[in-house]
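# Structural overview for review
Here is what each chain is made of, one letter per residue.
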Amino acid sequence: MKRILISLIFIMIIININANLYHDPVISPDGEYIVFRFNNDLYRVAAEGGTALQLTVNPGYDGNAVISEDGRYMAFSSDRNNVQRKVFLMDMENKSISQLTFGSYYDYPLFFEGNELVFQSSYRDYGTFCYSIDVDGGIPEKYFYGPARSMDKSDSIIVYISGRMSSYRYKYRGSADYDIYMKNMNADRPVEKLTDNDYQEVSPYIRSSNVYFLSARDGYYNIHVKNIETGKEHPLTRFEDNINAFSIDSEGKTIIFEKAFELFVMQAGEEPKKMDIEIMPDRYQSAEELKTIDKVKGFAVSPVNDSLLLLNAFGEIFAYYPEIVNINITDTITWDRDPHFIDSTHFYFTSNRNRYFDIYLADTTGSIRQITDSKLPEDIELVSDEETGRYDKTLVYTTPEGLYIYEKNRSEKIADGTIHNAVISPYHKYIAYSKMNRDGQSYSVDNIYIYDRYSRKTERITQTGFTAKPVMFSSDCKQLYITYSTNIERLEYYTSMQYIDLSKPESSFKRFPQEMDSITEDRDIDYDGIYDRRHNTGDNDNIILALQSPDRTFIIIVEREDKKDKFYKIKTVSRSGVFDYEPEYLFETERIAAADISPSGRKIYFISNDRLMSADIGSPPAMYPFSAKINVKRKHHFLELYDEAWLVLNDYFYDKEFHGSNWDSIRSKYRPLVEQAEDFSTLSSIIYRMFGDLNASHLSFRKRNDDYLDYSNIGIDYKEENGYPRITRIYPGGPMDKSNINARQGDYIVSIDGNDLKNTVPEKYLLDKKGKRVKLGLSRSPGGKAELYDIIPDGMWDRYARLYENWVKRRRFLVDSMSNGRIGYIHIRSMGNRDFWKFQDKILFENAGKDGLILDIRNNGGGFSYDYYITFFSRQPHLYKYGRYDDVKQSTPLLTWNKPVAMLINDGSFSNAEMFPSVFKQLGIGTIIGIPTAGGVIGTYNTELFDGTFYRIPALGVYDYQGVNLENNPTEPDIFVDNPPEDVRDNQDSQLKRAVDELLEQLEE
């Protein structure tokens, strides 16, 4: 009986596990077995299926496996050891695992060539390149001169892909797609492009004279084969669903592939067969986790007790009183957020527990009732503090379509538009709010409106071109305090505290305290001339937040200076009729995310670094020691993340037609897969496949992980020579470029902190060393005496910035050489304030005397500032100034360029860096040279889901005045020139050369 019971349990487990989701299959060269990823570990199973053997056991990610020709080694990429993806090697004979690559790079294995492993790496150089390293370790060497991904080799022929657009975008059509390239490593012929079209083709394998790859040309990724001798090509599969990964044995007879997270095997000339795999992961108990929650995303303070709070953490709402009460009130795996107290026991909050974000009424005993019901996302603005009078306590909330009041069990819409920052008057007659009314302008314009709850009329009280937000009605309803943000061409921001006189000022004689007004209702507002009754309270101009005190006697403002936020108190009551708005400094802290004043007015609460902080007004802040344990079921957790990812796009994606897709059916298509997801990487894969169906740019879903350790950098390039790293370049301004370090090109680095560097890289001993002193040994020869120096390494992005600057300097030198100094060169790295300031500086000084200009926006990821540049180049001279002793005329307007200009673009010109050439071309400012841009143009905003997962939303479409959507419609150059991979090898730039030739030709005309 016991044996039967054990068998039944085993069968039940196998049945349960058969729905597992598998990734990244790779077949052994001999075709005998496959390795695949499940639950972030690697497994091995026979090619015909059966019971899988677990090869790796690691809390982190193990994936992207490749197997050596003799089957001895398996290389894979992993973030074990708490570092970003590096290559590890498993010796299949003794099952030992060693780390092969080190440094602040993203490394993925590609294939074995004898005892060498070829891998792709990002950020080692300026771009993504392929390197080789011995299986026994050592110093990597660049394997191929051109940028490349997903490389494979047969005899002397390599095939690889190059492109920009993420491969999950299977519907994408454009120049940033992945194409397949081929190079004979034993011949002098340049790289040949095997596929040249506008759809994605990825994952090439070469077997004899055939190249196998995934192509999306027929709408979905299917396996194709192309003969490199005859040029003939045909599909091997014709699924109406994507094949996401595949592998082929060394003879080209057996193919293994993954479709919808299931594995299939296909023999030459036969139909694919689904593989039956039995697997029992060792960490199956991880389906549930008792998780400690201590990160706070929102809060509300009780109206009767400063120490009783509602805390929003991990999508739950807790009643919290330090060391006394800590109760999970909502206790459901949905996104409950934004609590607002009504009284000491009741509160409102927003939740998606009924699929969409609606508002609920709850009490601290756990009783919950839904009070709104729409498919629009709803956000609570305020709950009134009224106790008696004409109205019950009132809830004011917004949707993307307007402002609403909820009272007496019904909702009423009181204003249309994009509305936020609502505040209510002392006796609840008026509601003031900000409404966006930019009137066609593309910058933020928010004006203040006041709604009269008696007359049900609305009046606009500001008339500005910038952003005004209400903060507080004064206690006598004579003033409305506001913040006013000035945005100077989006280059400089100033936010000040102001007030608006809601009625015409009374006589200005000084009154005695006993003559102060005593009111029992809100005063009538005099709207006549109210636009002109706006006044500054002081000189504070860097305000990020303003908080109303409960008794309306003061306002707390927060000013941001560098990385600190400073709190000040401004009194809003007069002394003998005189107001003193001088801010009183309270304290400073790390950057905050939210803040509020307790109902008593004695405490300030705020969130900093996801921790709840509090301070008695006038005292330093201290952290509230909140933590709670909740039982997290992985299945429910992942389903909630998926539902939120779908819902936020449903609410805010810029195109209501969702690029022609059926968004509801897409949710239904992928949700059953989420129920089987065992790890976050699998969940992420599912969500990115959902993104692929939407076919939009500017989407991101990723776990925030600030705990990764980073390899530091010492500011050099090196190569292996005599077993040691030998310096080939010392970067100016880097850690080695110091007066007290006698380092030269050609020196050997022989040790770091006493560790010998024979056959290894310096980075191995630079983990988590940024800003820390290390002892470095230099020698003029590998066997010579070492000189020891103290150096302070910097970080990965410091190194990449130096790589970028070196790339720019080379192009500036090329332009200067080819044009004999006549043409200037400026590369714009991103479309932001800092780069625009650099651009103006270079125009005014470095390039002021040039006859022509090359404006390079290749590899520019975007931003917001294209219109600054367009304005700059569109200005026409209209006057000039000429002094008695001047040699040349001084033309006006200032800051303009009226000489020939050429622009360089490529498939790495993205987003705002596509809007720039689009309008540049439309206005005929100059000649555009290169290849088409990526076609990824959407305005975005970033948010977090309930557990802190980072989420990026495409929220604003961009169209030209003919109605063409710039998303998925790249900007075409006037002159098409591509840069061949050989340009990288020869340190040349064909596109740049063509731009110089074009400008010189224009200058001769």
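In case you missed it, the structure is sitting above this.
No experiment lies behind these values; they were computed from the predicted model shown. (Residues numbered from 1 in each chain as written. Predicted model: local features only at pLDDT ≥ 70, side-chain atom pairs only at ≥ 80, totals over all residues. Heavy atoms only, no water.)

## A look at the sheet that holds strand β8 (residues 86-91)
Here we have four strands laid out as an open sheet, ordered β6-β7-β8-β9, and antiparallel in their pairing. The outermost strands of the open sheet, each flanked by one partner alone, are β6 (62-67) and β9 (96-99). Pairwise comparison of adjacent strand axes, ignoring direction, gives a mean angle of 25° for this sheet. (Pairing = 2+ DSSP bridges. Helix = DSSP H or I, 4+ residues; strand = E, 2+ residues; numbered from the N terminus. Axes fitted to C-alpha atoms, helices over the stretch in contact; angles between N-to-C directions.)

## Thoughts on the packing of helix α6 (residues 833-846) against helix α7 (residues 866-874)
Running from N to C, α6 and α7 point in directions that differ by 20°, and their axes come no closer than 11 Å. Classified by the interaxial angle, the pair formed by α6 and α7 is roughly parallel. Counting all contacts with α6, which are made through Asn833, Asp835, Phe836, Phe839 and Ile843, the residues of α7 involved are Tyr868, Tyr869, Phe872 and Phe873. Looking at the contact of α6 with α7, its residues break down into seven nonpolar, one polar and one charged. (Parallel < 35°, antiparallel > 145°, perpendicular 65-115°, else oblique. Contact = heavy atoms within 4.5 Å. Nonpolar A, V, L, I, M, F, W, Y, C, P; charged D, E, K, R; others polar.)

## Description of the sheet that holds strand β57 (residues 700-702)
The strand order across the open sheet formed by three strands is β57-β71-β70, and the pairing between neighbours is antiparallel. Of all the strands in the sheet, the pair left with one neighbour each is β57 and β70 (938-944). Put simply, the sheet's adjacent strands are angled 20° from each other on average, direction ignored. With seven bridges joining them, β70 and strand β71 (residues 950-957) adopt antiparallel strand pairing. The residue bridging isoleucine 938 from the neighbouring strand is glycine 957, located in β71. Of the strands in this sheet, β70 and β71 are in contact with helix α2 (residues 634-652), which crosses β71 at around 20°. Of the strands in this sheet, β57 and β71 touch helix α4 (residues 680-694), which is tilted by about 170° from β57.

## Quick word on the side chain of serine 351
Residue position: serine 351 is located in strand β33 (residues 346-354). For serine 351, a relative accessible area of 0% translates into the label buried. There is a polar contact of 2.5 Å between the side chain of serine 351 and the side chain of aspartate 336. (Buried < 20%, exposed > 50% of the residue type's maximum accessible area, 1.4 Å probe, protein only. Polar contact = N/O pair within 3.5 Å; in protein donor to acceptor, adjacent residues only side chain to side chain.)

## Some remarks on the environment of glutamate 258
Along the chain, glutamate 258 falls in strand β23 (residues 254-259). For glutamate 258, a relative accessible area of 2% corresponds to the buried category. With 233 residues separating them in the primary sequence, glutamate 258 and proline 25 have C-alpha atoms 6.9 Å apart. At 3.0 Å, the side chain of glutamate 258 forms a polar contact with the side chain of arginine 689.

## Some remarks on unusual backbone geometry
Note: most residues except glycine have negative phi, and most peptide bonds are trans. The backbone of lysine 408 shows a phi angle near 55°, a positive value even though the residue is not glycine. Mapped onto the secondary structure, lysine 408 falls in the loop between β38 (402-407) and β39 (410-416). With a relative accessible area of 60%, lysine 408 lands in the exposed category.

## A closer look at helix α3 (residues 663-674)
With twelve residues, α3 extends 17 Å between its outermost C-alpha atoms, agreeing within 8% with the 16 Å of an ideal straight helix rising 1.5 Å per residue. Of all the positions in α3, only Trp663, Ile666, Arg667, Tyr670, Leu673 and Val674 are classed as buried. Take α3 and look down its axis: the buried residues cluster within an arc of 125°, on one side only. Capping the start of α3, asparagine 662 holds a side-chain oxygen 3.3 Å from the backbone nitrogen of aspartate 664, two or three residues further along. (Expected span 1.5 Å × (residues − 1). Arc of directions from axis to C-beta.)

## Let's talk about the packing of aromatic side chains
Scanning the model with the defined rule gives 65 aromatic pairs in all. A ring pair is formed by tyrosine 168 and phenylalanine 691, whose centres lie 6.5 Å apart and whose planes are at 55°; its orientation type is tilted. In this pair, tyrosine 168 is assigned in the loop between β15 (157-162) and β16 (179-184) and phenylalanine 691 in helix α4, connecting sequence segments 523 residues apart. Look at tyrosine 499 and tyrosine 581: their rings are 5.6 Å apart centre to centre, the planes differ by 40°, and that puts the pair in the tilted class. Of the two residues, tyrosine 499 sits in strand β46 (residues 492-501) while tyrosine 581 sits in the loop between β50 (564-571) and β51 (584-590), which places them 82 residues apart along the sequence. Members of the aromatic cluster, connected to one another through ring pairs, are Phe836, Phe839, Phe864, Tyr868, Tyr869, Phe872, Phe873, Phe916 and Phe920. In this structure, lysine 435 packs its charged tip against the face of tyrosine 449, placed 5.6 Å from the ring centre. (Phe/Tyr/Trp six-rings, centres within 6.5 Å; stacked < 30°, edge-to-face > 60°. Lys NZ or Arg CZ within 6 Å of the ring centre and 35° of its normal.)

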